[in-house]
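Analysis of the macromolecular model
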Amino acid sequence: MPTWTVIDEQRTFEAEIGDDGVLDPALLGWELKPEGLCKGEVCVPLRDSVVPPMADLGRLLGRPSAIDTDERVVAFAASPDERADALRSGLAPDFELPDVDGVLHRLSDHRGRKVVLYAYASW
Amino acid sequence: MWQALSTDLADDGLTVITVALDRSVDDARPWIEAAAPTHPSLIDTEHVVADLYNMVNVPTVVWIDEEGRIVRPNDVHYVSSEFASLTRFHPRKPIAALKAWVHGEAAPLPDGESTTPRLATWTDQEARAAFALGWWLAQQGRDEAAERWFVRAGELAPHDFTIRRGSMPIRGIDPAGPAFFEMVGAWAAAGNSYYLPLPDTATTPDDFEAEPVEELSFEEIRARIERGPG
């Protein structure tokens with residue numbers, strides 16, 4: 001089976017994907033069970049217990065995707081519902097990013113102080 | 001440009017965290033080194049923060065309180081007047097509002113204003129998947145395939161300039177050149193705004209009367225940007 005590159009938000013890995021376009025959902029953290037695909041407490045039912053091809057799998061799991069069949073790369077973005085729930089909760093989403101020296105910083109390290117988060121770019 | 005304010009307000013309990021939505025450490029490095037920040041000055045090559053907070057342009061500022069709650073969502077604040085003659089964003093009201101909040105003299109947001117920013121739709125996130133795919137392909141040197149995905153991402157989320165303008169340097173397009181002005185012009189002609197500031201600290205003509213800024217032509221500003229920071 002051909003080897004594809006899978007971009008799962010910040011994680012990139014290789015996977016075997018056949019002509020049927022089916023990606024093993026376990027690689028995205030979903031387990032195949034009698035009730036469907038499950039992650040923790042959440043299960044989504046599958047029609048005829050069959051894992052659908054990638055584009056439909058993404059739709060089923062709430063994950064928009066971009067699929068390049070010629071280049072054999074697929075990218076899954078974060079679920080818009082998850083992102084919306086996080087922002088509606090009022091809590092500032094946590095993240096960890098490097099500075100120019102490669103030292104990692106977490107937003108939550110600054111809990112207890114007021115924080116101004118300022119995104120800019122050289123462009 | 002945040003260094004002075006950060007130093008000023010650090011003892012009053014404020015931490016400034018800047019995040020550069022740039023394609024590499026080397027793109028952001030000259031700006032960061034010129035500012036010599038004492039606050040965390042981070043690089044976000046994968047647009048992690050843009051995705052988490054649904055930021056669609058820069059600059060975007062978010063205020064977060066001691067409990068980690070967003071108290072002022074995505075807003076457009078400039079805290080330096082260096083490019084004000086071009087951007088028409090004056091730093092006067094943002095700086096005053098920030099100081100008042102840090103000193104406990106004013107609420108971070110007027111009563112009734114939501115602390116939730118505009119939320120990303122399915123298509124907005126689909127655009128982020130397309131951008132991630134294009135960016136990965138570009139890093140592999142597969143430029144033609146990358147270009148198709150950058151174009152696709154921009155079509156899916158025409159309001160997302162972290163994608164449309166942010167991809168320009170990767171694609172070999174001048175992000176402050178004709179392609180940029182054509183993009184912004186078309187966007188405005190269709191009745192849209194390139195920046196979406198919150199109303200309470202949005203610039204008004206009296207800001208420029210109260211504190212005049214250096215009036216530079218576009219060419220002068222361009223020359224300064226090309227010379228680099230400092």
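Everything below is about the structure shown above.
Residues numbered from 1 in each chain as written. Chains lettered and ligands numbered in written order. Predicted model: local features only at pLDDT ≥ 70, side-chain atom pairs only at ≥ 80, totals over all residues.

A separate point is the overall build of chain B. Summing up its helical and strand segments, chain B has 11 helices and 4 strands in all. Its C-alpha atoms give chain B a radius of gyration of 18 Å, within 12% of the compact-globule value 17 Å for 230 residues. Structurally, chain B occupies a C-alpha span of about 55 × 40 × 40 Å along its principal axes. Sorting the 230 residues of chain B into buried and exposed places 41% on the buried side. In chain B, once contacts between residues fewer than 6 apart in sequence are set aside, the share between residues at least 24 apart is 57%. (Helix = DSSP H or I, 4+ residues; strand = E, 2+ residues; numbered from the N terminus. Rg over C-alpha atoms; globule rule 2.2 N^0.38 Å. Buried ≥ 20, exposed ≤ 12 C-beta atoms within 10 Å, placed from the backbone. Contact = placed C-beta atoms within 7 Å.)

Bringing the interface of chain B and chain A into the picture now. In this assembly, 70 residues from chain B lie in contact with 45 residues from chain A. Looking at the side of chain B that touches chain A, the elements with two or more residues in it are strand S1 (14–20), helix H2 (25–35), strand S2 (41–43), helix H3 (48–53), strand S3 (60–64), helix H5 (92–102), helix H6 (122–139) and helix H7 (143–156) of chain B. Counting residues per element, the side of chain B that touches chain A draws most heavily on H6 of chain B, which supplies 11 residues. Strand direction decides the pairing type here: strand S10 (residues 114–120) of chain A and S1 of chain B, joined by 7 bridges, are parallel. Looking across to S1 of chain B, one finds that tyrosine 120 of chain A is bridged to alanine 20 of chain B. (Pairing = 2+ DSSP bridges.)

Right, let's talk about the environment of aspartate 70 of chain A for a bit. Here aspartate 70 of chain A is to be found in the loop between strand S6 (65–68) and strand S7 (73–76). The sequence separation of aspartate 70 of chain A and isoleucine 7 of chain A amounts to 63 residues, and the corresponding C-alpha distance is 16 Å.

Residue and element names in this part refer to chain A. Burial analysis of strand S2 (residues 11–16) places just 0 of its 6 residues in the buried class, which makes it a mostly uncovered element. Two elements, strand S1 (residues 3–8) and S2, share 6 bridges in a ladder whose sense is antiparallel. When the bridges of S2 are listed, aspartate 8 appears paired with arginine 11. The antiparallel hairpin formed by S1 and S2 contains 2 residues in its connecting segment, where glutamate 9 sits at a positive phi of about 50 degrees.

Residue and element names in this part refer to chain B. Two elements in contact, H6 and H7, have axes separated by 8 Å at closest approach and are oriented at 165 degrees. By the angle class used here, H6 and H7 are roughly antiparallel. Seen along the crossing, H6 lies across H7 with a hand that is left-handed. The residues of H7 that touch H6, namely those facing Thr123, Glu126, Ala127, Ala130, Phe131, Leu133, Gly134, Leu137 and Ala138, are Asp143, Ala145, Ala146, Trp149, Phe150, Arg152, Ala153 and Leu156. Of the residues that constitute the contact of H6 with H7, the class distribution is 12 nonpolar, 2 polar and 3 charged. (Axes fitted to C-alpha atoms, helices over the stretch in contact; angles between N-to-C directions. Parallel < 35°, antiparallel > 145°, perpendicular 65-115°, else oblique. Left-handed = near helix turned anticlockwise from the far one by under 90°. Nonpolar A, V, L, I, M, F, W, Y, C, P; charged D, E, K, R; others polar.)

If you look at soluble globular proteins, the nonpolar side chains tend to sit buried side by side. Core analysis: the biggest nonpolar cluster contains 45 residues, and Val116, Leu117, Tyr118 and Ala119 of chain A together with Ile17, Val19 and Val62 of chain B have the highest contact counts within it. Put simply, the parts of the chain that give this core at least two residues each are S10 of chain A together with S1, H2, S2, H3, S3 and H5 of chain B. Residues contacting valine 62 of chain B, with those up to four places away along its chain left out, are Ala92 and Leu117 of chain A together with Tyr53, Ile70, Arg72, Pro73 and Asn74 of chain B. Counting 32 residues, the second largest nonpolar core, distinct from the first, contains Val73 of chain A together with Ala132, Leu133 and Ile163 of chain B. (Core = buried A, V, L, I, M, F, W, Y, C linked by C-beta atoms within 7 Å.)

Residues and elements named next belong to chain A. A sheet is described by the order of its strands in space; here 3 strands give the open sequence S3-S4-S5, paired in antiparallel fashion. Whereas interior strands pair on both sides, the edge strands pair on one side only; in this sheet they are strand S3 (31–33) and strand S5 (42–44). With direction set aside, neighbouring strand axes in the sheet form an average angle of 35 degrees. Relative to strand S4 (residues 36–39), S3 runs antiparallel, the two sharing 3 bridges.

This next bit is on the sheet that holds S1 of chain A. All names here are of chain A. Taking strand neighbours across the sheet as the criterion, the 4 strands line up as S2-S1-S7-S6 in an open arrangement whose pairing is mixed. Both edges of this open sheet fall to S2 and S6, since each of them pairs with a single strand only. The average angle at which neighbouring strand axes cross in this sheet is 15 degrees, direction not considered. Both S6 and S7 contribute to a ladder of 4 bridges, which runs antiparallel. Within S7, the residue paired with isoleucine 67 across the bridge is valine 74.

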